[in-house]
Every structure is written in structure tokens, then in C-alpha cells.
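# Residue-level structural notes
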There are 2 protein chains.
Amino acid sequence: MSPPPAWVKALKPASPQGSELLEQERAQSNVAVDKLAELLHTKDVLDRQDRLVAILSSEKVFDKSQTHSLGRVERLQRALAKGKRLQQLAVQNKWSQEEFYAAADLIGEPTPYGLHSTMFLVTLREQGTPEQHKLFLEPATNYKIIGCYAQTELGHGSNVRGLETTATWNPDDKTFTINSPSLTASKWWIGSLGKVANHAVVMAQLYVGGKNYGPHPFVVQIRDMETHEPLENVYVGDIGPKFGYNTMDNGFLLFNNVKVPHISMLGRFAQVDKATNKYVRPSMPTLIYGTMTWVRSNIVFQAGSVLARGVTIATRYCAVRRQFQDRDATDQASETQVLNYKMVQIRLLPLLAAMYALHFTGRGMMRLYQENQSRMKAAAQADQEKRGAGPEELRAGADLLADLHATSCGLKALASTTAGEGLEVCRRACGGHGYSSYSGIGPWYADYLPTLTWEGDNYMLTQQVARYLLKAARAVLAGKGTNSDTSKILQFYLSRREKGGSFDILDTDSDIVAAFAWRTAHLTFEALKHRDVGKRSWNSLLVNFWRLSTAHSQYLVVKNFYEAVNSPEITGALDKETTTTLHNLFRLYALHTLEQEAAEFFSSGAVTTHQISLVQTKAVMKLLDNIRPHAVRLVDAWKFPDWQLDSSLGRYDGKVYEDLFRRASEENPVNDLVFDPYPWNANVLKNQAPKSKL
Amino acid sequence: MSPPPAWVKALKPASPQGSELLEQERAQSNVAVDKLAELLHTKDVLDRQDRLVAILSSEKVFDKSQTHSLGRVERLQRALAKGKRLQQLAVQNKWSQEEFYAAADLIGEPTPYGLHSTMFLVTLREQGTPEQHKLFLEPATNYKIIGCYAQTELGHGSNVRGLETTATWNPDDKTFTINSPSLTASKWWIGSLGKVANHAVVMAQLYVGGKNYGPHPFVVQIRDMETHEPLENVYVGDIGPKFGYNTMDNGFLLFNNVKVPHISMLGRFAQVDKATNKYVRPSMPTLIYGTMTWVRSNIVFQAGSVLARGVTIATRYCAVRRQFQDRDATDQASETQVLNYKMVQIRLLPLLAAMYALHFTGRGMMRLYQENQSRMKAAAQADQEKRGAGPEELRAGADLLADLHATSCGLKALASTTAGEGLEVCRRACGGHGYSSYSGIGPWYADYLPTLTWEGDNYMLTQQVARYLLKAARAVLAGKGTNSDTSKILQFYLSRREKGGSFDILDTDSDIVAAFAWRTAHLTFEALKHRDVGKRSWNSLLVNFWRLSTAHSQYLVVKNFYEAVNSPEITGALDKETTTTLHNLFRLYALHTLEQEAAEFFSSGAVTTHQISLVQTKAVMKLLDNIRPHAVRLVDAWKFPDWQLDSSLGRYDGKVYEDLFRRASEENPVNDLVFDPYPWNANVLKNQAPKSKL
């Protein structure tokens, strides 16, 4: 549109200015933003972030200004251009993998290389033999082969065993025939498949000698390396527009009896022996199990930051936005910052607490995972070298992995649900402007939502947790409790069951943690009674299992957060005001959760109804008061660059209205057109050649 | 892309087919779909729907196939073309206003005429004088003037009194000067303003003789009637892309001291007298109050159908989708329909109940509103004709309107939150495919979300309800209770307070309603005690007020639903199986809500913890079992045409996978391109002229 005339340029927002309000916010708290930031992310990561933003923001290809106005065809092309440039920069600057991922994160949207650079490479690396590494992994690492991981089918998502695609061993010519026997066998949702992949790791039911050995991975070329056209008897394309993630080419793929050589089957954990035509398993598959655990732990770890983006935007904007006078205020002239309203605080501040809680929990998960991995590797090596001592340690490791597996399932579900739903709460807390794409929350929310479904649907996963807890409870009842935390909280509950919990949740932090443990134990034994004594069907207990998993995962978050804020790592590095504030965040997260789930806490005997009433009317309200002055600094500590947030509302400098106006008037392609508004004129645009038909 | 080859065309989904599964679903229930549909919508409305779908679906301009792939510029143009054609059809077919709205509904997306054909026309009609009707309303009705309703500003949404735009009376030349004194004074979010309006009703602070009389409406021309370019000293445009609603041209608008004549101020309820230069109020403003109540009542009424779209899609798809074997099933060969899982039922079936509950509640609201309107009109007429008897009735009417106002505020918040959040639950219940735009839920959800914020933010509104209930409670305590239902439930609570509720919620439906009333009364007196005795600040009680409003609104829904299923209108028209099922839906809605809000029910003494435990473990589970066989027929009764749903997952015939595949391979413009996948080739597309730069 025509640029703003002079009289528009001269206009400023009504006072006080957003920048002044954020300055006041930052002045009224002494929370140690920089120290806290280093504790959350490390200094190295923060420095790296500055370096990367400088590089990326100077390249026109990464410009974000038009993103939300473009159609899918254009967005996908631009995303591929971004992916290409990112890869060029990675090579030119010799980025490490961490640097590459960090840069991809900053760009703010997935690119069509997303599944190539993660699942495809990881699968080749972990499940390929040295020969296959040379044949596939090397060119894939150099982007000569572009691949994807094709597991999910049109008719099968969660249930991998139900996949329909087949790979049949042909003993005569030592090949496999890959085939899609039905329409529902079509691979579907496969990221990087729709437009860019020329290879796919295809999960297919392996048939050898007429027998089905279950799903196995095959590397299959699907497009010509030169023309990029689909190969014969391969039907492949993009599955269409989605709620978000539209810069990814999620694809479909059908095979009509396509033959592939023996080397196509990734052979580290299972092979078909060429000589005997027999199926053989040269190694143990627990490590695969470990990969999914890693993926889920990573989702837990990221959830804190995912949520923090929304909370940062909403908190800053609610400090800038003013609306109505406080009814009881003496100064009736000026309006109140929205962040002062208790109805806003009760929505935002528990999420501020949750982003810290999830961050520390995710960190705990990753540490546990890595410890366990090194222990497993050591045991495996011992196994190979000596035989004898190894296997037992391996089994112990496998037990721990089972615990980690269950924990990662439950926490993945809780963390991604908290982050996803929390982002929408943040968006709504921004009022009308939250709905603008320039708020930066909506697009981020829409792109994040699949996380609640993939890597195990959040509802499905809760069964894994329940299964694990029921097993642990049976062991405890049979006198076979272990030294694990789960075993201990179940034993403690049994020993005190008659007396009830009587925890002092209002004054003693460790008692809050104990109350969460108590509730988990109570729900576990309740579910066990229904299943083992009442002989209730598994299906009829799914709702109980979901509640149980949620309860257990909330306990884990509360416990991790509690341990973190009391750890020397934090108390030693930070001043009193900052650590006190972190303690208050812990209490707010825990007590607000307790209040939300009040019915379970009192019916388990963990707390009394009087305590819950005090939590609701006194404790939580007081915590909101205590945390309020520090809110802006607490989000500042997350150190999101403005360029990453891409949000008018969440700008560090508080120039919310100037930026909304600038983007609407300068970056909005709709304003380059003049419409013809009259229904009886067929043309939609002025100065357009007449159309024969509307 | 190239059309599917023969071998692809020959593929079918794995058996059983979706069509067979839906046939089975429909065969296993005798719910009277057609009779129920007529009861919900009336036969006339259903016939009209068939007629309109036939007309609309035959016009290429209303084709929906590309919608979700297009960018905003293209979508907006197409939406205007749709709006134009719709208006042409309305004139050609002599549609009534109801027919026009019904057709607009079927199109499935807002058009840029949306606010012209509603708020602009309504405001002119209701607030204009006969002279203004001739000058503005007539040409506007004929789309010669295209207008919008410009109230919200960049810095002011909820707080209308805080608007910054001014209209200053100039006694010398008998004009008003409209001005935007700051950037935050810019009108913002105004539908139909961004591109199509040439006039606006501008809400501005009226200044007469230096005194501010608050916000008043002015009709202001903003664009040239021929060129459609903005007039001088007017800066106007579209505010940019949004989370949804992208086919609407929400706009911004700034004035630089623009003079408009005296006739511009809509003069039915207030004027500036030309002769005396005095502000005069010729009529009472309660009717304006009434308009907002009508708008909110309408939102309540529509919420049931809004939600029903999502529930229809999810229920049908969950009956077609099969995943995993039931763990306890004897037949391990075939997979279970997802709808059989309790974890799916507990998410979907309470929403199925809620859509009926909201529908009947909305209907009750509309009836009450209309009754009250006719009473008010009669009283106003009596007032004009006789003087004396009128005013008192008018005051009584105003009292009733205050009740209606509060009720509509609370129910608007509850109903739109239930519908909006319910749609997202439906989307997730569809698993991965729910994320595809072809599911039809995501786009609908995104377009609906503003309803939770506009016409009163759902959180803000709850204060109106609390204020009303506190006032009623004070009157009851002062012995000045009235005959209203609110007064009665408060009195009943006081009379039984010591004994507690002891309602038989498990067996007696009327006791369920009474338990909801009890909880409302309890929370009301609690809040009153905090405010009047404890002298707590208004701000510190906002969270209590929000809980109170929610509780009261849930009571109203439960009560309306209870009365509807027991009304002769329903019991007389429907067979036993259908009425029993409706009763079960009532119970499911009520008991599931009670369980969700358990803590408030027991702490108010409405029910015991033992009862809640029975509701959770027995009653709700049994209701899920009872309703499950009728689920598909219960959504069929809503009679959404496939053309309206625009959903592969929700097709009436169950051909889910065929349709997803057809749309991905035939209607997806991304598949017309061949990409160049290699990072070192600058071109994104194959066969593209080389670009100088990425």
C-alpha cells in the first residue's frame, strides 16, 4: 500500500509507552537474568545463539516477514530454499551437529530436509551395517541421497505391528519384493517424502519362506537421481495441507511389487542369510527401544522451551497492555496493566512455573538416559570381551531401561500436552491480538501440535506407564520390591496406608513432593485392585490408567523441580532473591497442580479438604503476588532473540503497537490490492481485465 | 501430478470397508434420526438446507477443494467473489434473511461482506433515525454502500469507555471532527474494513462544548465510491494474517481531523441539538443493551452446532478407524474400532452430550429473549400511549433484561469455550489424520476461536455474572428475594445449609439439577462473604468469580437440558429408545461435568466423596456403554451435508481413506511441481530458469 503519510508517521501510542512499562518491570526485580540464563542454557549455548542469529538474520532467504501470508506451494518452495542455504552454511562454517540443530531451531519452521537430517540419518547409522554405512549413510550425510523414514501408513499409525506393506524374500534371485497390498498400506505422513526424498527407509512386514517376521527397515530408492521423477511402480506425493507444519512435505508412497537387493534390508539387528535363506538376529534389539526413549526424553527436554516462547510473549505483552481501571483503585485515571489482574496471573504464572519445571525435568531425564546408555555400553563391552559377567549387568541395564521407557512415555505425554495446551492459554491471554499471526504464538502452536500425537499418541502412551506401575506394585506386594524410587514410594504408601498421608503441604516443600508420591501410589493400588481382584477388562480401565500416568508424571516433575531448586548447582550459583523466586515457582507449579487435581488428592488421603481450600484461597494467591514483580525478568532469562520469537507482542523493547502497525501497513501483501466492492461488478480487483466468469 | 496409474486405481482399503462399518453402526441402533433431526432443526430448515446445498454446490465459485492450500491474497479474493455471488443469488432467488444466513453458513468460511451484512446493517437499523435509514440503510441494504462497525482500537478492546478516537462538535459549521489522537487510537480488527468497506460506523468519544459524553456511533465515508481509494486524511488497510478467519479483511483505520456533517451521528438514542448545541438523549438505551444480549444468546445457540460439526466428524471416523486388538479380546485377528476404546469414548461422548445440551440451552435462551423483547415492546407502547402504567412494566422488563444479560454473559463464555476447546478434543481424537486440513476440523476450529474473545472476552464476562449473583444474594439475605429462579435456589440453599444437600444424584435426575443449583448457591455466598465481610478486593476475587460464573452457567445448561428431555415436545414426538438415549445424554453431560468439578461439589456439601467415586467408576462408565451403540445415529441426526463438513474423515458414507487419497493426489497443488532436492543446486524446482540468487 502507499506508505503512511506524514500525519500517520507522527503518531505515537498513548502513554505510558510499552518500552517504559517494560523498563519499570525490569527495574522492580533483582532476579539475576544473566546468571539464570547461563544456568538454564550454559554460556556456550548463549554465545552460539548470538553468533547464529547474526549469520541467519543477515540472509534474505531466512526473512520471515511474508511467511504467514503465503500459500502452501510458495511456503514449501521457500522452506526448501532455506533448507538448502542452511546446509550450505553448515558446510561453509563447519558447524557441529548441535550448531546445525540450533540454527534450524532459530529459523522457526521445519524445512523439507527435517526428517532426512534426523530420522533417516539416525536410522541408517544405528541400524545399518558398516557396508550399508558406506553405501547409504555416507552419501546421505553429504546430501547426495535425500531420505526419509517411512513407517506410518494411511490405515496404521500407532500400531506398528499392523503395518500392511510387505517385503518378501525371494530365495531365487536373493532380492526382496516391496509391495503395498491395499490403499491403506500407503505410507502416509512421512516427512521429507512428499517432494524431496529420493530414498526411503521403508518399514515393511518381512516374509521369509512364507513366514511373517514382523516389521523391518529397508532402504529403497523411490525417485530418479537425475530427473527426480518417481521410479516405475512407485507412486509418491505430498499428502496436502495441514493445520500447521506446512513447510514440510509430508508424503504418501505406494509400491507395486518393487524388487530391491539383499543389501537394502538394514542388517545390524536382523538379516536374511543369503546362503541359508533363513532369518537371523545377530544382535539384541534393546538399543532400538533406547532410541525411542531418547526421542521422547528429548521431547520432554524441549517442552519447557516450547512453552517458554508463548509465556515470554504473553508475559511481556500483558505487562504492556493496559485495560480498565482496577475497580478498587484510587487512581481512576489510568488503566491497569493486564498482568496485574488475578484472572490473568492465574493463567500465565503457573505456566511460567511449568516451563521451569519441565526444563529441569527434561534435563533430569536426559542425564538419566545418558548415564544408562554408558552403563549399557560398558556392560555390552564386558559381555563381548569376557562372556559371563556381562549378561547379568545387561539384564539390570534392561530393567533400568524399562523404567526409563515408562518414565519417558508418561513424561512425554504430560510435557507435550502441557506445552501445547499452555501455548493456546498464552495466546488467549493476549486477548484479541493473540489471534493475529504477528503475535507469534498461533503459528508456533500449530506447528507444535503434532508432538502430542507423534512418537506415541499422548493417550496411548499412558498405558505403558500403567503397565509398569502395576508390575512394580505386584512386585512390592509379593515382597520383591527393589531399590528404585517407584518401589520405595509404593512401599511407603503401604506402610502408612491406614494412617493416611497427613503431609504438611502448606509449609514443607518435601511434604508436597511426598503428597504427589502418595497420590501416585494410591492410584496404582486402586488400579491394581480393579485389574487383579475385580478382574476388570483392560479397556474398562483405560481412563484409570490415563489418570494414573498423569499423576505419576506430575509427581516426577514436582520431584525433579524440587531437587533442582535445592541443588548446589542452583543455590550455589544464584543470589537469595533469585533462588527464593525459583522456590516460589516450584511451590506454585506444585500447589496449582494439586488444586487442579484436588479430588484425587483428598480421596487418596494425601491431604484434607481444609488444606485444599487453604491452597486455593490463600497459598496460590500469595504465590501469584510474590512472583508477579519478577515475571518479566523470569521470561527474559530464557533469552529468546526477537528474531526467533518473530512476535510483535513479545518484543524485548515493548514496542508492541508500533510493530503491529508497521507489519500490517508494510509487510501485508493484501494491502497492495484495490478491491472492487460491489456485488454486481464481476471483477474482484479494480483495474483488472474483465473476467468472463466469476 | 500425473494421475494414479492403473495399479493404484485398483487398490482398495483393507477390509472391512468404512462404508460397511458405518452401515453396521446404523443398523445396531433404532434412534429415530429423521424425527430427532426435525425436532432439532424443524422440517422447514432441513428442506431449505437441501435446496441451498443444491444451488451452492453447483456453482464453481463455491468450490472448496483448494481452500486450504491458498495464500491469504488469493483466499481473500476468492472469498469476495463468493460473497458477490452469494448476494447475486440472494437477489435472484429472493432469499429471506434466514435463507441468506443459512447459505452463508453452508459456504463454510466468512466473506469480506460478513460485517456489512450483520453489524453494519443492524446498527444503522437500530440506532438510525428514519432520515438516516433513507440516507444510509437503504443503499447499504442494496450494497451500494458497503460498511463496517468500527469500535475496537489497537489499544482498546474490552474497555469501550477507554476508546481514544474523538468526535468533536463544531457549533460554528454544525459538523463533527473525527480524529485519531494517537497510534493506539487506530481502529483495529474491524471486519469488512480492510478492503471492501467504503463507509464505517465509527465509535468515537463525543465532545460537545469541551465535555466528554462517552462513545457514540458516527457514519463516516472512508473510501471513494468510484475509485475505492481512501479519502484524504483517512489511512485504512487490512491488519494482516491471522490464526484463522483469513477470508475476512479485518482492518485498521486512522483519521486526521476529518469533518463529517451533523447527520453522521446515529441519532435514535442520542443527538446533538443543532439549534442549542446541546447534547440530548431522546430515548432509552436499554434496547442497545438488548442487542448485545441477543448477539450473545445467538452465540450460545450456535455453539451446539459448532461443536456438533467436530463431533460428527470424529465419531464417524472413530467408527471407521481400527487400531490394535482389544487386549482382552478372544478374536486376535482383527483390530478394534477406535470408538470402542474407553479412552476415546470418555473424550468424545461427553462432547456428543454437550452439543445436545448446548443446543437446548441456546434454544431456551432465544425463547426467553424473544418473550422478553415482546414484553418490553408492549410495555414501551403502553408507555407511549397511556403514560403511567408503562414505566413500571418497563422497569420490570429492565430487571428481567438484567437477568437475561447476566445469563447470556455466563452462557456465552461457557458455551463458546466448550465448543472451541471441544473441537480441538475432537481433532485430537482423530489421531494423526486429525491434523490434516482434509479432516475439516482444524480450519473450522481456527475460524471459530475468535468467538471466545469477541462480544466480551470469556474471562471478562464472568464478572458480570458474579456481580448479578452477588446482588441477588444480598437481596435474599435482606429478605428481598424475588420470584426468579436465581432467588429461589439461593433461598433453598440458605434454608438447608446446615443439613447439607444430600441429593440422590445417582438415581434421581431432578436431584442432579438440584446439586448443580446447590453448588452455585454455595459459591455465591462464599464469594459474598469474601467481598462484603472479608472486604477482599475485587481483583483478588476474580478467580472466584470466574469459578462462580462457570458453576452457575453449568447449572443453567443442566437445567435446560433436563427440562428439554422431559418436555412433551420431546417425549411426545419420539419413541422410547430415542428418548431413553436423550435421557442418558443428559445424565452423561451432568455427571461427567460433576466429576470434572468434583472438588467444588463435595466442598459445597452437594454430594459426598463416596458418591463422586461411584459416579467416576460406575455411573459414567455405564453411560458410555449405553450411549456407544447410538453414537453414529446421534450425530447423523444433526444432518450436516457432506458438502458443508468438507471432511474426508467425517463423510456420511465412511469412505475415509479413498477420499484422503483422492484429495492428496488430485487436489493438492504441491504435487504439480518437481523439486530439485540437492542443496548445491540453487534452484528449488526442476526445469526452472536459473535464479541469480536463492
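Sequence order sets the numbering: in each chain, residues are counted from 1 along the sequence as written. To read the labels, note that chains go from A and ligands from 1, taken in the order they are written. Confidence filtering applies because this is a predicted model: local features only for residues at pLDDT of at least 70, side-chain atom pairs given and counted only at 80 or more, and all residues used for totals across whole chains, interfaces and linings. To get the side-chain values, take all heavy atoms of the structure and skip hydrogens and water.

What chain A contains, in helices and strands, is 23 helices and 11 strands. Viewed in the frame of its principal axes, chain A has a C-alpha envelope of about 90 × 85 × 50 Å. Three labels apply to residues, based on accessible area from a 1.4 Å probe with only protein chains included: buried if under 20% of the type maximum, exposed if over 50%, partly exposed otherwise in between. Taken over 694 residues, chain A has a buried fraction of 62%. Under the counting rule used here, the positive set is Lys and Arg, the negative set is Asp and Glu, and His together with the chain ends is not counted. A charge is said to be at NZ when it belongs to Lys, at CZ for Arg, at CG for Asp and at CD for Glu. For chain A, the distance from the average site of its 78 positive side-chain charges to the average site of its 71 negative ones is 4 Å. The helix and strand labels rest on DSSP assignments: H or I over at least four residues marks a helix, E over at least two residues marks a strand, and numbering proceeds from the N terminus.

On to the sheet that holds strand β7 (residues 234-238) of chain A. Read from one edge of the open sheet, three strands run β4-β8-β7 (chain A), paired in antiparallel fashion. The open sheet has two edge strands with one neighbour each: β4 (187-190) and β7 of chain A. With direction set aside, neighbouring strand axes in the sheet form an average angle of 15 degrees. Sheet strands touched by helix α23 (residues 656-666) of chain B: β4, β7 and β8 (251-255) of chain A. Its angle to β8(A), the strand with the most contacts, is close to 105 degrees. Here a strand pair is declared whenever DSSP counts at least two bridges between the two strands. Axis geometry follows a simple rule: fit a line to the C-alpha atoms, using only the stretch in contact for helices, then measure angles between N-to-C directions, giving values from 0 to 180 degrees. What makes two residues a contact is simply this: any of their non-hydrogen atoms within 4.5 Å.

All names here are of chain A. Per the UniProt record, "binding site: FAD" (unreviewed entry) is annotated on T152 and G191. What stands out for the annotated residues spanning 40 residues is how close their C-alpha atoms remain, the widest pair being 10.4 Å apart. One can find T152 in the loop between β1 (149-150) and β2 (166-170). Inspection of the secondary structure puts G191 in the loop between β4 and β5 (199-208). Aside from chain neighbours lying at most four places away, what touches G191 is L115, C148, M248, D249 and N250. UniProt positions are given in the numbering used here, feature names are shortened, and annotations may be inferred rather than shown by experiment.

In this section: the sheet that holds strand β4 (residues 187-190) of chain B. Residues and elements named next belong to chain B. Across the sheet, three strands lie side by side as β4-β8-β7; this open sheet has antiparallel pairing. The sheet is open, and its two borders are formed by β4 and β7 (234-238), each paired with just one other strand. Across this sheet, the average inter-strand angle for adjacent strands is 15 degrees, counted without regard to direction. Across two bridges, β4 lies against strand β8 (residues 251-255) in antiparallel orientation. Note that in β8 the partner of I190 across the bridge is G251.

This part is about the environment of B:F586. Residue and element names in this part refer to chain B. Turning to its location among the elements, F586 is positioned in helix α18 (residues 576-596). Separated by 77 residues in sequence, F586 and D509 place their C-alpha atoms 8.8 Å apart. In this view, F586 contacts D509, I512, V513, V558, F561, Y562 and V565; residues no more than four positions away in its chain are not counted.

We now examine the pattern of salt bridges. For this document, the term salt bridge refers to a Lys or Arg side-chain nitrogen within 4 Å of an Asp or Glu carboxyl oxygen. According to the stated counting rule, one finds 68 salt bridges over all chains in the structure shown. Its salt-bridge partner being A:E595, residue B:R547 comes within 2.5 Å of it at the nearest N-O pair. Highlighted residues: B:R547 in helix α16 (residues 542-565) and A:E595 in helix α18 (residues 576-596), drawn from two different chains. Each member of the pair B:R547 and A:E595 is classed as buried. The salt bridge involving B:K43 is made with B:D47; its shortest N-O contact spans 3.3 Å.

Contacts between chain A and chain B engage 149 residues on the former and 149 residues on the latter. Between chain A and chain B, a total of about 13000 Å² is buried, with carbon and sulfur atoms accounting for 64% of that surface. Here the buried area means the combined drop in accessible surface, using a 1.4 Å probe, for two parts upon being joined, counting both sides. Area buried by chain A at its contact with chain B is led by A:W7, A:Y235 and A:Y435, which between them contribute 7% of it. Counting every contact that joins chain A to chain B gives six salt bridges. Here A:E421 and B:R428 are joined by a salt bridge, their closest N and O atoms 2.8 Å apart. Identification of polar contacts relies on pairs of N or O atoms within 3.5 Å, with a donor-acceptor requirement for protein atoms, meaning one able to donate a hydrogen and the other able to accept it, and with residues adjacent in sequence counted only if both atoms are side-chain atoms. Our count for the contact surface shared by chain A and chain B stands at 65 residue pairs in polar contact (both at pLDDT 80 or more). Here the side of chain A that touches chain B gets 11 residues from one element, more than from any other, and that element is helix α5 (residues 72-92) of chain A.

Our superposition of the copies is a least-squares fit, built on the C-alpha atoms of residues whose pLDDT is at least 70 in both. Its rotation angle being 180 degrees, the transformation that places chain A on chain B also includes 0.0 Å of axial translation and leaves an RMSD of 0.0 Å. Taken together, the rotation and translation relating the two chain copies correspond to the operation of a two-fold axis. Nearest to the rotation axis, the C-alpha of A:G71 is located 1.6 Å from it, this being the minimum over chain A. Most of the interface of chain A is mirrored in chain B, where 99% of its interface residues again form contacts.

Attention now goes to the side chain of B:T407. Residues and elements named next belong to chain B. Here T407 lies in helix α11 (residues 389-429). The class of T407 is buried, set by a relative accessible area of 10%. Beyond its immediate stretch of four places on either side in the chain, T407 contacts M365 and L556.

As a further point, take unusual backbone geometry. Across residues other than glycine, the phi torsion is negative in most instances, and most of the peptide bonds are trans. Residue A:P16 is bonded to the preceding A:S15 through a cis peptide linkage, with omega at -5 degrees. Relative to the helices and strands, A:P16 resides in the loop between α1 (6-9) and α2 (18-27). Located in the positive-phi region is B:N277, a residue other than glycine, with phi close to 60 degrees. In this structure, B:N277 sits in the loop between β10 (271-272) and β11 (279-280). With phi around 60 degrees, B:K639 is a residue other than glycine that occupies positive phi space. Inspection of the secondary structure puts B:K639 in the loop between α21 (631-636) and α22 (642-645). The exposure class of B:K639 is partly exposed, given its relative accessible area of 29%.

Of note, B:N671 is situated in the segment after α23. Placed 151 residues apart in sequence, B:N671 and B:T520 show a C-alpha to C-alpha distance of 56 Å. Apart from the residues lying within four places of it in its own chain, the contact partners of B:N671 are A:K195, A:G237, A:D238, A:F252, B:M1, B:A664 and B:S665. A distance of 2.7 Å separates a polar side-chain atom of B:N671 from the backbone nitrogen of A:D238.

Next up on the list: helix α13 (residues 458-477) of chain A. Residue and element names in this part refer to chain A. To estimate the expected span of a helix, subtract one from its residue number and multiply by 1.5 Å. The end-to-end C-alpha distance of α13, which contains 20 residues, comes to 29 Å, matching closely the 28 Å that a straight helix rising 1.5 Å per residue would cover. Every buried residue belonging to α13 is among N458, L461, T462, Q463, V465, A466, Y468, L469, L470, A472, A473 and V476, and all of these are buried. Of the residues flanking the start of α13, the one acting as N-cap is D457, its side-chain oxygen 2.8 Å from the backbone nitrogen of Y459. The positive-phi residue at the C-terminal boundary of α13 is G479, with phi of around 75 degrees.

To continue, consider the UniProt feature "active site" (unreviewed entry) in chain A. Residue and element names in this part refer to chain A. Annotation from UniProt places "active site" (unreviewed entry) at E455. Inspection of the secondary structure puts E455 in the loop between α12 (442-448) and α13. On the accessibility criterion, E455 (24% relative accessible area) is partly exposed. If near-sequence neighbours (up to four positions away) are discounted, E455 is found in contact with M292, V295, R296, I299, K412 and L461.

On to the packing of helix α5 (residues 72-92) of chain B against helix α6 (residues 97-107) of chain B, then. Residues and elements named next belong to chain B. Axis separation between α5 and α6 bottoms out at 11 Å; the angle between their running directions is 150 degrees. Put simply, α5 runs roughly antiparallel to α6. The crossing of α5 and α6 is right-handed. Contacts from K82, L86, Q87 and A90 in α5 reach F100, A103, A104 and I107 in α6. Amino acids are sorted into nonpolar (Ala, Val, Leu, Ile, Met, Phe, Trp, Tyr, Cys and Pro), charged (Asp, Glu, Lys and Arg) and polar (every other residue, Gly among them). The class makeup of the residues in the contact of α5 with α6 is six nonpolar, one polar and one charged. Oblique is the label for any angle not covered by the other classes, which are roughly parallel (under 35 degrees), roughly antiparallel (over 145) and roughly perpendicular (65 to 115). Each crossing gets its hand from how the near helix is turned against the far one by less than a right angle, where anticlockwise is left-handed and clockwise is right-handed.

Before going further, it helps to examine the nonpolar core. Nonpolar cores are built from buried Ala, Val, Leu, Ile, Met, Phe, Trp, Tyr and Cys residues. Side-chain atoms within 4.5 Å join them into one set. If you look at the biggest cluster of nonpolar residues, it comprises 300 residues, and the most contacted ones within it are A:L352, A:Y356, B:L352 and B:Y356. Apart from the residues within four sequence positions on either side, B:L352 is in contact with B:V311, B:L585, B:I627, B:A631, B:L634 and B:V635.

On to the confidence of the model for chain A. All names here are of chain A. The pLDDT value tells you how sure the predictor is about a given residue, anywhere from 0 up to 100. Here chain A averages 93 in pLDDT, and 95% of its residues register 70 or above. When the criterion is pLDDT under 50, residues 690-694 qualifies, and its contacts beyond four places in sequence or with other chains add up to eight contacts. Overall fold confidence (pTM) sits at 0.96, and the ipTM for the predicted complex is 0.95.

The next point concerns the side chain of B:E153. All names here are of chain B. When you line up the elements, E153 lands in the loop between β1 (149-150) and β2 (166-170). Given the relative accessible area of 1%, E153 is considered buried. At 2.7 Å, the side chain of E153 and the backbone nitrogen of E164 are in polar contact. Residue contacts for E153: discarding those within four places in its chain leaves L163, E164, T165, T184, A185, S186, K187, W188 and M203.

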